[in-house]
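For reference, the chains in residue letters:
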Amino acid sequence: MEPLVIFGAGLVIYCGYLALLDSSKSWRAWRLRTAANRAPAKKRGVVPVKQQRPRPSAGIAVGRPLLQRV
């Protein structure tokens, strides 16, 4: 056989091997992503009273800008 034919066949085999690796890695990533979507969400813990922001007694919002009408 001519060297160019042998080189071409080797190149086809090598590219096929790379394509097989790429498809297997993408399949694994897809499988892990779908498994993560199916996993139940963790319940959030209750925030202790000490960590909650104090509420003003007057009912006026403190700490954020108030919208003003022009």
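Details of the structure are given in the entry above.
Report on the accompanying structure. Sequence order as written defines residue numbering, which begins from 1 separately in each chain. The model is predicted, so local features are restricted to residues of pLDDT at least 70 and side-chain atom pairs to those at 80 or more, both for listing and for counting; the totals for chains, interfaces and linings are taken over all residues. Only hydrogens and water are set aside; all other atoms, that is, all heavy atoms of the structure, feed into the side-chain values.

A short note on the overall build of the chain
Only runs of H or I of at least four residues qualify as helices and only runs of E of at least two qualify as strands under DSSP, and these elements are numbered from the N terminus. Within the chain, the secondary structure is distributed over one helix and zero strands. Only protein chains enter the area calculation, which uses a 1.4 Å probe; residues under 20% of their type maximum are buried, those over 50% are exposed, and those in between are partly exposed. Taking all 70 residues of the chain together, 0% fall into the buried category. We get accessible surface area from the Shrake-Rupley algorithm with a probe of 1.4 Å; when it comes to residues, only the shown protein chains can shield them. Just so you have it, the chain exposes about 7800 Å², and 63% of that area is on carbon and sulfur atoms.

Looking at a nonpolar patch on the surface
Patches here are clusters of residues that have more than 30% relative accessible area and form no salt bridge, with a 9 Å joining cutoff for like charges and a 5 Å cutoff for nonpolar side chains (Val, Leu, Ile, Met, Phe, Trp, Tyr). Whenever a carboxyl oxygen of Asp or Glu lies within 4 Å of a side-chain nitrogen of Lys or Arg, that contact is scored as a salt bridge. Residues Leu-4, Phe-7, Leu-11, Tyr-14, Tyr-17, Leu-18 and Leu-21 make up a contiguous nonpolar surface patch of roughly 750 Å² in combined accessible area. Within the secondary structure, Leu-21 is located in helix H1 (residues 3-38).

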